[in-house]
2 protein chains.
Amino acid sequence: MMQNTRKIGKSSWVFKENIRIQASAAVAGPMEGNGKLSHSYDLIYDNLYAGQDTWEQAERKMLEDAVETAIKKADLTSEEIDVYLAGDLLNQNISASFSAKAEKIPFIGMYGACSSSMLTLSVAATLVEGGFARYALAGVSSHNCTAERQYRYPTEYGGQKPNTAQWTATGAGAAIIGIGGTGPRIQYATIGIVTDLGIKNPFDMGSAMAPAAAKTMQTHFEDTGRKPKDYDLIVTGDLASIGAPILKELLSNEGYKLGEQYQDCGLMIYSQDQEVFAGGSGCASSAIVTYGHILQQMMLKKYKKVLVVATGALLSPISYQQGEPIPCIAHAVAIEMDET
Amino acid sequence: MMQNTRKIGKSSWVFKENIRIQASAAVAGPMEGNGKLSHSYDLIYDNLYAGQDTWEQAERKMLEDAVETAIKKADLTSEEIDVYLAGDLLNQNISASFSAKAEKIPFIGMYGACSSSMLTLSVAATLVEGGFARYALAGVSSHNCTAERQYRYPTEYGGQKPNTAQWTATGAGAAIIGIGGTGPRIQYATIGIVTDLGIKNPFDMGSAMAPAAAKTMQTHFEDTGRKPKDYDLIVTGDLASIGAPILKELLSNEGYKLGEQYQDCGLMIYSQDQEVFAGGSGCASSAIVTYGHILQQMMLKKYKKVLVVATGALLSPISYQQGEPIPCIAHAVAIEMDET
């Protein structure tokens, strides 16, 4: 009887079959490519169009590039990938769906807003662990211009923003999950519940998402028996400078101290002199940092145990216009290198 | 070594752990409630607002009702459900996300347009089979008025349509997956690949989606060694009167004859005198027919082996406006009653 053997605690999964990231890739837009982690990207476009006719096509191209680069780095072909799980921020998930058309891999579309990076990675890991796929591919993307015009104002309008606003990162990330090898191992995943503290300001996503991150992290620590100090790096996806201190305070109130090992991907991407308001956001925020910088540092054994907590704000322009609060979610994945 | 033991053929999964639908529920809007399957719904709203202030809230309410009814029928509480997988047609999946907020169950957002019904059901089944959940809940919704104003024109505008257009069904469906019991068993799932034959007319989704349905069904038959005659009912989600004959012809060209046992959910919902152009569509089309009528008939042993092929058109208004063709997908689930 296999029932329920991989669920632990309230909402965490434990992986027992030596599930590892076989390869990953990060593709960055021009601003990201001029940021602090520029050395870590597989590909940097110096133009927001990425050689395409529209920004939407550019975003899709970046996702296709990330996927194809990851497949190549894993020394596989797309025929060897059993399933492709992907999500993005655009209406009807078009970057993900259109990239799936190019790859011709059985496709599972997912939506978790900016939390889609760890959502797709978590479910990809379950499909490999459960024997439903030998290799599963997880991918996400976001693009500053496609997100601006969809969620906010026509891009040319140049609407002003408060400093609590965030800058949607342009880029894409992908990872291939399989059994065995020497890459970073997926040990746990914690699936979030939707939280909502009544925050309605779409120009302050950090404040809205911080409670979701705190909830998922607290659940993760309770479910696994781990403490923050068990990780040498804990990152959130895109809480940025407003949300990150709120998260620290919320967790501190619950008895969990986040120290120096805590960082936020939205604060890691850009240089001080790049104007990004409170910091980066978007599916690409957690994806290009995790699938580029963090996994590279893990392979170098600089980090051995990392907890990536991808945060997502699940609003739509119409839910916001109808006066609804912003429901948020966070999904966490514990990624580890072998001790030896 | 568990690796890859549940994947068969190109893109199908086989379930070995006695995975069954513990309970399901179907909630219908007013037109659907006056249609041919009115006896089979758990709840019928006689008003498109369902007691809410907006159509979007009405859609969400129907999804919440479906979920809560299914949980109640399974004699469970929401605390006993380990994970909730849901999708809908609205931008940023707001019906699914907001319903997850109400239920407080760890949430996996999915997007497959109208194919989301079988996509969520398939992945829910893998999570139970793989030991990641004791009970997994799958749910989808659609609403004629929320879809009209998002995909087409302001609803009040009353834009005319050609007869190839389809009518987005209003309603929601949910199913609870678990191990054991006496309910319908999930035997196989076939995950689709994205197909695109260059069709660009968003008022003829049936023609666009038929090749995706044909592709997934052909793959299903090849992967499982089954033939159409092995099923006493095969339904597609929403090909309607234009797409269904195209599917039959495409499969016939490949040597698979669909006979009398083939039906389309979009043609089963409404009466002859209801004006729905080519037939029903939307996530609710396959969901209310499957989670209401079909599963009830299976419990009565009227049908023993059923293949539900949910079809989805993965376009967005912006992809269409930018001149892109309509990528489509279909996911199939084989549901069976025990022979005895």
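Scoring rules and cut-offs
Residues numbered from 1 in each chain as written. Chains lettered and ligands numbered in written order. Predicted model: local features only at pLDDT ≥ 70, side-chain atom pairs only at ≥ 80, totals over all residues. Heavy atoms only, no water. Helix = DSSP H or I, 4+ residues; strand = E, 2+ residues; numbered from the N terminus. Rg over C-alpha atoms; globule rule 2.2 N^0.38 Å. Buried < 20%, exposed > 50% of the residue type's maximum accessible area, 1.4 Å probe, protein only. Contact = heavy atoms within 4.5 Å. Areas by Shrake-Rupley, 256 points an atom, 1.4 Å probe, with all protein chains shown as cover. Salt bridge = Lys/Arg side-chain N within 4 Å of Asp/Glu carboxyl O. Phe/Tyr/Trp six-rings, centres within 6.5 Å; stacked < 30°, edge-to-face > 60°. Buried area = accessible area lost by both parts, 1.4 Å probe. Polar contact = N/O pair within 3.5 Å; in protein donor to acceptor, adjacent residues only side chain to side chain. Nonpolar A, V, L, I, M, F, W, Y, C, P; charged D, E, K, R; others polar. Domains from an automatic or database assignment. Least-squares fit on C-alpha atoms with pLDDT ≥ 70 in both. Pairing = 2+ DSSP bridges.

The name an unreviewed UniProt entry assigns to chain A is Stage V sporulation protein AD, from the organism Polycladospora coralii.

### Focus: the overall build of chain A
The helix and strand tally for chain A stands at ten helices and 15 strands. Taken against the 2.2 N^0.38 rule, which gives 20 Å for 340 residues, the C-alpha radius of gyration of chain A at 18 Å falls within 12% of a compact globule. Within chain A, the fraction of its 340 residues that count as buried is 70%. For chain A, restricting intrachain contacts to residue pairs at least 6 apart in sequence, the fraction spanning at least 24 positions comes to 79%. With the model as given, the accessible surface of chain A reaches about 11,100 Å², and the carbon-plus-sulfur share is 48%.

### Some details on the pattern of salt bridges
Here the structure, examined in full by the defined rule, presents 28 salt bridges over all chains. Here B:Arg20 makes a salt bridge to B:Asp338, at a shortest N to O gap of 2.8 Å. Of this pair, B:Arg20 sits in strand S3 (residues 19-28) while B:Asp338 sits in the segment after strand S15 (328-336), placing them 318 residues apart in sequence. Using a relative accessible area of 5% as the deciding quantity, one classes B:Arg20 as buried. Residues B:Arg226 and B:Glu336 are paired through a salt bridge, measuring 2.6 Å at the closest nitrogen-oxygen approach. In this pair, B:Arg226 is assigned in the loop between helix H6 (205-224) and strand S11 (233-236) and B:Glu336 in strand S15, connecting sequence segments 110 residues apart. Here B:Arg226 and B:Glu336 have matching classes, each one buried. Here the salt bridges share partners, and the residues they tie into one network are A:Arg20, A:Arg185, A:Arg226, A:Glu336 and A:Asp338.

### Points about the packing of aromatic side chains
For the coordinates displayed, the defined rule picks out twelve aromatic pairs over all chains. Aromatic side chains A:Tyr84 and A:Phe107 sit 5.7 Å apart centroid to centroid with 45° between the ring planes, which places their arrangement in the tilted category. In this pair, A:Tyr84 sits in strand S5 (residues 83-88) while A:Phe107 sits in strand S6 (residues 107-109), placing the two residues 23 residues apart along the sequence. A single burial state applies to A:Tyr84 and to A:Phe107, both of which are buried. Between A:Phe132 and B:Phe15 the ring centres are 5.7 Å apart and the planes differ by 45°, which places this aromatic pair in the tilted class. Of this pair, A:Phe132 sits in the loop between helix H4 (116-129) and strand S7 (136-142) while B:Phe15 sits in the loop between strand S2 (12-14) and S3, placing the two residues on different chains. Through successive ring pairs, a cluster of aromatic residues spans A:Trp13, A:Phe15 and B:Phe132.

### Describing the interface of chain A and chain B
It is common to report an interface's size as the accessible area lost on association of the parts. Chain A puts 67 residues into the contact, and the matching count from chain B is 67 residues. Approximately 5,500 Å² of surface area, both sides summed, lies buried where chain A meets chain B, with 62% of it carried by carbon and sulfur atoms. Salt-bridge contacts for B:Lys101 lead to A:Asp196; the nearest nitrogen and oxygen are separated by 2.6 Å. Inspection of the region where chain A meets chain B yields 32 residue pairs in polar contact (both at pLDDT 80 or more). Elements that contribute at least two residues to the side of chain A that touches chain B include exactly strand S2 (12-14), helix H2 (55-73), helix H3 (94-103), S6, H4, helix H5 (144-151), helix H10 (317-321) and strand S15 (328-336) of chain A. Per-class residue counts for the side of chain A that touches chain B are 33 nonpolar, 20 polar and 14 charged.

### Looking at the domain arrangement of chain A
Residue and element names in this part refer to chain A. Here the domain parsing of chain A yields domain 1 (7-179) and domain 2 (185-336). Placing a centre on the C-alpha atoms of domain 1 and another on those of domain 2 gives a separation of 17 Å. Together domain 1 and domain 2 conceal approximately 5,000 Å² of surface at their shared face, both sides included; 62% is due to carbon and sulfur atoms. Three residues stand out in domain 1 for area buried against domain 2, namely Cys 114, Met 118 and Gln 166, and they jointly supply 14% of the buried area on that side. Where domain 1 touches domain 2, the interface holds zero salt bridges. For the interface between domain 1 and domain 2, the tally reads 27 residue pairs in polar contact (both at pLDDT 80 or more). By residue class, the composition of the side of domain 1 that touches domain 2 is 31 nonpolar, 24 polar and seven charged.

### A look at the environment of A:Gln261
Residue and element names in this part refer to chain A. Mapped onto the secondary structure, Gln 261 falls in the loop between helix H7 (240-253) and strand S12 (262-264). The class of Gln 261 is buried, set by a relative accessible area of 15%. A C-alpha to C-alpha distance of 8.2 Å links Gln 261 and Lys 229, two positions 32 residues apart in sequence. The contact partners of Gln 261, leaving out residues within four places of it in the chain, are Pro 228, Lys 229, Tyr 231, Asp 232, Leu 233 and Ile 234. Within the local environment of Gln 261, its side chain forms a polar contact with the backbone nitrogen of Gly 259, the two atoms lying 3.0 Å apart.

### Remarks on the relation of the copies chain A and chain B
Superposing chain A onto chain B takes a rotation of 180° plus a shift of 0.0 Å along the axis, which leaves an RMSD of 0.0 Å. Given the turn and translation reported, the copies of this chain are related as if by a two-fold rotation axis. In this assembly the copies share their binding face: 100% of the residues contributing to the interface of chain A also contribute to that of chain B.

### A short note on the pairing of S15(A)
Residues and elements named next belong to chain A. With respect to burial, S15 is a largely interior element, nine of its nine residues being buried. Here S15 shows a buried face lined by Cys 328, Ala 330, Ala 332, Ala 334 and Glu 336 and a second buried face lined by Ile 329, His 331, Val 333 and Ile 335. Relative to S15, strand S10 (residues 185-190) runs antiparallel, the two sharing five bridges. Within S15, the position partnered with Tyr 188 by the bridge is Ala 334. Here nine bridges tie strand S14 (residues 305-313) to S15, and the two strands are oriented antiparallel to one another. Residue Ala 310 lies in a different strand from S15, and its bridge partner there is His 331.

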